[in-house]
Amino acid sequence: MKKSDAFALAKNYLRTTLRTISKNKVYSGLNILGLALGIAAFLFILQYVWYERSYDKFHSNYEDLYRVRYQIFRGGKLEVDCAAAVPRVGPFMKEKMPEVKAYARAYPISAVVTYEDTRYREKRMHIADQSFLEIFDFPLVAGDVASFADPNTAIISEQAAQKYFKGADPLGRVLEIDGDDKVEIVAVAKDVPENSHLKFDILISYETLNNQTRNDDGNSASETSWGWYDFNTYVLLQPGTDPEAFDEKFREFLWEERGERYKERNYHNDFPLQAITDIHLYSNLLQESEPEEQGDGDAVAFLLIIAFFILLIAWVNYINLSTARSIERAREVGVRKTLGATRNQLVNQFLAESFFLNLIALIIALGIVTLGIRAFNRLTDSSLNLGFLTDITFWLSVTGVLVIGSLIAGLYPAFVLSSYRPVTVLKGKLSGNQTGHLLRKGLVVFQFAASAILIASTIIVYQQLSHMRKIDLGFDMTETLVLRGPEVFAVDSLFKSTNDAFKEELEKKVSISSVAASSNVPGDEIFWTNSIKRQEEAADKFKIIYNAGVDYNYFDTYKIDVVAGRNYGPSFTTDTSALILNEAAIQYLGFENSEKAVGQQVTFWGRPHTLVGVVEDYNQMSAKAEVAPIAFPLVVEGSNYYTLKLNGDNYQATFNDVQETYLSFFPGNPFDYFFLDQFYNRQYDNDRKFSRVFTLFAAFAIFVACLGLFGLSSFNTLNRSKEIGIRKILGASVPNIVQLLSREFLWLVLIANLLAWPAIYLLMNRWLESFANRISIGANAFVVSAVLVLLIALATVSYKIIVTALANPVKAIRTE
């Protein structure tokens, strides 16, 4: 075919499509609207999924970058699975494993950073190796990395440079850390991209830490320790290295180095590699760098399934709406065939029509995505931008959607419409075939089933999140203000007296009912661990336990019940050698029960401690996780947090008063605070976000599905318009007719729900498996979804049935 002929043919197809749209504005509008909304929803979700899966892929060598996990096994049982490893493992891997090109460690810290009169508490700080900026692509905008090998040097982000120096050149300037250490800025790095699992504003040279931990023999614990597991450790492997084979090989070297100690203590470590691209979505380890920013791989997979559901439903709509108009277009087909059109020509015509309608819908969908991306970002707490419009992968996906959609949506109507015989059509004897009826009903059953799955899933997600909000966490966080303890203060005997005086001053205030000091508060991940065993047990029975230092008021302030024994008290002078455990720790250590554990001796911190009390289990972290064994040693010398229980309603006056008191006792420290309920509930942000996104696109899918139901209703009603006219003449009422024509939809709803229920149970049961405190999937979700699908179906199909039933029956019979 010549190019001019092809162009003329395409032009003719376009002219015919536009004429069809103009003649059938309602049906064409429904087709385009359904396709546009379906494609827009698909593209929104696709962008979100791509963004979530793009984490850490901006590094040029991301395929060969791995984080070293730290695991502790005792008696073959995994006790600790941690994102942060020990400082020795990185250098040891480089020494023993030629597959390692380079390694880097990042030790996270929090500190008060001061420059002249500017002071902030920085949380995104790391002490890092010089190689950190060599294996990762965090480009510098000023300075160089060579000087970062020296002690007391720092690299800051552009954001930090603006915050402290207001546009002035930061190079060579000195920052004060916690009122004591000083570091010189040697470089400025570009701000870390949002899709990085590891974020920083300030990096301090690793040699600074080495100097601080160097002992008399010249060795530094930050280089030699095999037990200090606070160091995020990364390795860059040679291209093509198999990480599983690497792990196996390294275990042999590890046992050569540490095997005797492992046998003595009845434990061993493992350091498996974890691809950095898996960290954001598939890692739920202890000491994640940004635990509140962790993604959820299962949630992303669920959203991707919804995206394809919506797209399929939109294409099914096109098929249903096209076949619903087949009677109207049959005469057109008959005339075209009579005038010599072949079946292939007609198929091409209808496929071209499908292509042009999909193209129009795609253009509208792109407009919706472009205009709605900011609202979508607010909803999902994402950072999507219009950069995807320049991404070749995006346009390949768009092209794929257009081509596949045109074929899927257009092939069946094209072959059905082109198969009509002109003599039969022109004589008005056209009737549908059984295969066509069954296919249309099957497609609508799919839409009903999809709607039931989405509605029931939305209900179950809501029920689970509601359950977590209402569950008894085992402590009281109402009207609780938490202050962060001072960083700029020497923790010595003077601090103890200042600490006590500060708490006493707060307790004098009428608006404060109680004050407690502690190393952690609920919702704050405990990094502090130690070894513990029952004193009568052998040395190889030590177990790892989490430690949360508390003062005398901690349990009373949080209303955590002491279920056996007693609380700490100032009148008990031996409490420095006493210990309180939670119920999970009692079970962990193998005691028969809490009452019998009280008074027993345990070895803790390397010396004997007497168990004086057992507290009820409470959720230190979110209700998604199991309650961990925790030891609560009495710590009165220092405090990371002060917990204040508030009275009355005038919070602002109380807040101002507390701030003034804090700054008078701890000058040089920023007043940093939070309300505990907000702090604790931040752990559910990802779940709430998933619920919002899931609900939004479930509604999208259901709305698009309704357009398909309207198509089948139209097709069915048009086919039976003569029957409706005769029934009206014979005395049938409109409700009788609605009931008659709606009956088959009730069967379709029943079949769809029966098919959907097993899928609902399997999908949602898998999602719920990630929650330690989960609901049981009850019948109410299935019943409510079935009723809602029925109501949606009836509301959708009843309109066309009622309109036809109200029409003049004589006109319907004459038309037939």
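Here, the structure is the one placed above.
Summarised in this report is the structure supplied together with it. (Residues numbered from 1 in each chain as written. Predicted model: local features only at pLDDT ≥ 70, side-chain atom pairs only at ≥ 80, totals over all residues. Heavy atoms only, no water.)

**Things to note about the overall build of the chain**
Then, number 1: The helix and strand tally for the chain stands at 26 helices and 24 strands.
Then, number 2: Within the span of the chain, comprising 816 residues, buried residues form 53% of the whole.
Then, number 3: In the chain, the share of contacts with a sequence separation of at least 24, taken over all contacts with a separation of at least 6, comes to 80%.
Then, number 4: Element-wise, carbon and sulfur atoms account for 55% of the exposed surface of the chain, whose accessible area totals about 36200 Å². (Helix = DSSP H or I, 4+ residues; strand = E, 2+ residues; numbered from the N terminus. Buried < 20%, exposed > 50% of the residue type's maximum accessible area, 1.4 Å probe, protein only. Contact = heavy atoms within 4.5 Å. Areas by Shrake-Rupley, 256 points an atom, 1.4 Å probe, with all protein chains shown as cover.)

**Some thoughts on the sheet that holds strand E14 (residues 480–484)**
Then, number 1: With respect to topology, four strands assemble into an open sheet ordered E15-E23-E14-E24, the strand pairing being antiparallel. Unpaired on one side and paired on the other, strand E15 (512–518) and strand E24 (673–675) mark the two borders of the sheet. Neighbouring strand axes in the sheet, compared pairwise and without regard to direction, differ in orientation by 20° on average. (Pairing = 2+ DSSP bridges. Axes fitted to C-alpha atoms, helices over the stretch in contact; angles between N-to-C directions.)

**Considering the packing of helix H3 (residues 89–96) against helix H8 (residues 243–265)**
Then, number 1: Interaxial distance between H3 and H8 falls to 11 Å at its minimum, and their mutual angle equals 105°. If you check the angle between H3 and H8, you find them roughly perpendicular. Packed against H3, whose contacting residues are Val-89, Phe-92, Met-93 and Lys-96, the element H8 presents Phe-246, Phe-250, Phe-253, Leu-254 and Glu-257 at the interface.
Then, number 2: Here the contact of H3 with H8 is built from residues that sort into seven nonpolar, no polar and two charged. (Parallel < 35°, antiparallel > 145°, perpendicular 65-115°, else oblique. Nonpolar A, V, L, I, M, F, W, Y, C, P; charged D, E, K, R; others polar.)

**Examining the nonpolar core**
Then, number 1: With 140 residues, the main nonpolar core has Phe-448, Phe-475, Leu-579, Leu-581, Phe-632, Leu-676 and Phe-697 as its most contacted residues.
Then, number 2: In this structure, Phe-448 is in contact with Leu-709, Phe-745, Leu-748, Val-749, Ala-752, Val-789 and Ala-793, ignoring residues within four places of it in sequence. (Core = buried A, V, L, I, M, F, W, Y, C linked by side-chain atoms within 4.5 Å.)

**Considering the packing of aromatic side chains**
Then, number 1: Evaluated as defined, the whole model comprises 58 aromatic pairs.
Then, number 2: Ring pairs connect the aromatic residues Phe-475, Tyr-554, Phe-555, Tyr-558, Tyr-618, Phe-632, Tyr-680 and Tyr-684, which therefore count as one cluster.
Then, number 3: The ring centre of Phe-542 lies 5.6 Å from the NZ or CZ of Lys-533, which sits over that ring.
Then, number 4: One Lys or Arg, Arg-682, reaches over the ring of Phe-679 and ends 4.1 Å from the middle of that ring. (Phe/Tyr/Trp six-rings, centres within 6.5 Å; stacked < 30°, edge-to-face > 60°. Lys NZ or Arg CZ within 6 Å of the ring centre and 35° of its normal.)

**Focus on helix H23 (residues 721–729)**
Then, number 1: Among the residues of H23, Ser-721, Ile-724 and Gly-725 are the ones counted as buried. When H23 is viewed along its axis, its buried side chains cluster within an angular range of 100° and face the same direction.
Then, number 2: Of the residues flanking the end of H23, it is Gly-731, one or two places downstream, whose phi is positive at about 110°. (Arc of directions from axis to C-beta.)

**Some remarks on unusual backbone geometry**
Then, number 1: One non-glycine residue, Glu-479, lies in positive phi territory at about 50°.
Then, number 2: Even without glycine at this site, Trp-605 takes up a positive phi of about 60°.
Then, number 3: Relative to the elements of secondary structure, Trp-605 occurs in the loop between strand E20 (601–604) and strand E21 (607–615).

**Looking at the pattern of salt bridges**
Then, number 1: A full pass over the atoms with the stated rule returns 26 salt bridges.
Then, number 2: A salt bridge links Arg-766 to Asp-298, with the shortest nitrogen-to-oxygen separation between them at 3.4 Å. Of this pair, Arg-766 sits in helix H24 (residues 734–768) while Asp-298 sits in helix H10 (residues 297–324), and the two are 468 residues apart along the sequence.
Then, number 3: A relative accessible area of 52% places Arg-766 in the exposed class. (Salt bridge = Lys/Arg side-chain N within 4 Å of Asp/Glu carboxyl O.)

**Things to note about the sheet that holds strand E12 (residues 267–270)**
Then, number 1: Taken in spatial order, the three strands make up an open sheet running E3-E2-E12, and their pairing is antiparallel. Of all strands in the sheet, those with a lone pairing partner are strand E3 (77–82) and E12, marking the two edges. With strand direction ignored, the average angle separating the axes of adjacent strands in the sheet is 20°.
Then, number 2: Relative to E3, strand E2 (residues 70–74) runs antiparallel, the two sharing five bridges. Opposite Phe-73, over in E3, you have Leu-78 as the bridge partner.
Then, number 3: Its contacts with the sheet place H8 against E2 and E12, and it is angled at close to 155° to E12.

All we've got here are geometric facts, nothing functional implied.
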